[in-house]
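Commentary on secondary and tertiary structure
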Amino acid sequence: MAGLDIKDDSLNCEILHAAKNLFSRFGLKKTTMDDVAKAVGKGKSTLYYYYPGKTELFEAVIREEMENAVKQVRLAVNHETEAKKKFEAYLVSRLKLRERYNNLSCVVFDEVFDNLREILRLKKEFESTHIEFIKEIIKSGMQAGDFKKMTEEEVDFFANWTNAAFNGLETPSQNSLYLIESEESCKRLAHVILSGINK
């Protein structure tokens, strides 16, 4: 029974990987379940065993990408010990994720109106995770004496504001995209943002 579970997980990973590549190259509308089945080397019925339809498969791909992004951010943040460095690592890792997921992000943007409800729900989950990351960094900095003491409400406001500001900078149409174009830019931005709460 355990062997069957491992096989299922492995095949599911193959399906998600193949779907991600096809969605990134051709978009959601032009990619069919047949295309994904051929890429995996399985019949279409196998795909339907895992996912009821293309929309659910697309949602699973986005969810997996978001979960992988969270893991990478977590690793980068945990690698640092000082709160200010953790915040820099957080922003830099977000920059790297933006570059890595650019193709898939374009697909999501292009298909957003057809799948608005699913994408907004997943985006809300992802946003909440980022806000919790920022709160965690700020609270650890307060405990270490790196940042000034703030109320729970102030920490919440700061985390939400920082996430909203970075989201705005990540949007491809923003003229201010150069502010996060490199690791050094992100570190300078972190310094500016944190200057208001430095002790």
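Residues numbered from 1 in each chain as written. Predicted model: local features only at pLDDT ≥ 70, side-chain atom pairs only at ≥ 80, totals over all residues. Heavy atoms only, no water.

- Per an unreviewed UniProt entry, the recorded name for the chain is TetR/AcrR family transcriptional regulator, and the organism is Pseudopedobacter beijingensis.

**Re the packing of aromatic side chains**
- Under the criterion given, the structure shown has 6 aromatic pairs.
- Here F23 and F58 contribute two aromatic rings whose centre-to-centre distance is 5.3 Å and whose plane-to-plane angle is 85°, an arrangement assigned as edge-to-face. Of the two residues, F23 sits in helix α1 (residues 2–30) while F58 sits in helix α4 (residues 54–79), which places them 35 residues apart along the sequence. This pair shows no difference in class: F23 is buried, exactly as F58 is.
- Relative to Y90, the ring of F87 lies with its centre 6.5 Å away and its plane at 35°, an arrangement referred to as tilted. Remark: Y90 and F87 occur in helix α5 (residues 83–100); sequence separation between them is 3 residues, near one turn of the helix. Both residues of the pair, F87 and Y90, belong to the buried class.
- Of the aromatic side chains, those joined through ring pairs into one cluster are F87, Y90, F133 and F158. (Phe/Tyr/Trp six-rings, centres within 6.5 Å; stacked < 30°, edge-to-face > 60°. Helix = DSSP H or I, 4+ residues; strand = E, 2+ residues; numbered from the N terminus. Buried < 20%, exposed > 50% of the residue type's maximum accessible area, 1.4 Å probe, protein only.)

**Focus: the UniProt feature "DNA-binding region" (unreviewed entry) in the chain**
- The sites that carry the UniProt feature "DNA-binding region" (unreviewed entry) are, in the present numbering, residues 32–51.
- Between the C-alpha atoms that bound residues 32–51 there is a distance of 13 Å. The span itself is 75% helix and 0% strand. (UniProt positions renumbered as here; feature names shortened; annotations may be inferred.)

**Let's talk about helix α9 (residues 183–194)**
- For α9, which comprises 12 residues, the first-to-last C-alpha distance of 16 Å matches the rise-based estimate of 16 Å (1.5 Å per residue) to within 8%.
- Buried residues of α9: S185, C186, L189, A190, I193 and L194, and no others. The buried residues of α9 occupy one face: seen down the axis, they fall within an arc of 160°. In this structure, α9 carries R188, H191 and V192 as exposed residues pointing more than 90 degrees from its buried face. (Expected span 1.5 Å × (residues − 1). Arc of directions from axis to C-beta.)

**Brief notes about the pattern of salt bridges**
- Applying the stated criterion across every chain, the model contains 8 salt bridges.
- Between E132 and K135 there is a salt bridge, with the nearest N and O atoms lying 3.5 Å from each other. Here E132 pairs with K135, and both are found in helix α7 (residues 116–144), just 3 residues apart, close to one helical turn.
- The exposure class assigned to K135 is buried, which follows from its relative accessible area of 12%.
- In this structure, E152 and K139 form a salt bridge, with 2.8 Å as the shortest nitrogen-oxygen distance. Of this pair, E152 sits in helix α8 (residues 152–170) while K139 sits in helix α7, and the two are 13 residues apart along the sequence.
- Accessibility expressed as a relative area gives 32% for K139, which makes it partly exposed.
- Through salt bridges with shared partners, a single network forms among E132, K135 and D156. (Salt bridge = Lys/Arg side-chain N within 4 Å of Asp/Glu carboxyl O.)

**Comments concerning the side chain of N163**
- Position of N163 relative to the elements: it lies in helix α8.
- With a relative accessible area of 2%, N163 lands in the buried category.
- A distance of 2.8 Å separates a polar atom in the side chain of N163 from a polar atom in the side chain of R94.
- In this structure N163 touches Y90, R94, E127, H130, I131 and I134, once residues within four positions along its chain are discounted. (Polar contact = N/O pair within 3.5 Å; in protein donor to acceptor, adjacent residues only side chain to side chain. Contact = heavy atoms within 4.5 Å.)

**Looking at the confidence of the model for the chain**
- Residues with a pLDDT of 70 or more make up 78% of the chain, whose mean pLDDT is 80.
- The weakest mean pLDDT in the chain belongs to helix α6 (residues 102–111) at 56; the strongest belongs to helix α2 (residues 33–40) at 94.
- Below a pLDDT of 50 lies the segment residues 1–7, which in the model reaches 0 contacts outside its immediate sequence neighbourhood of four places, other chains included. (pLDDT = per-residue confidence, 0-100.)

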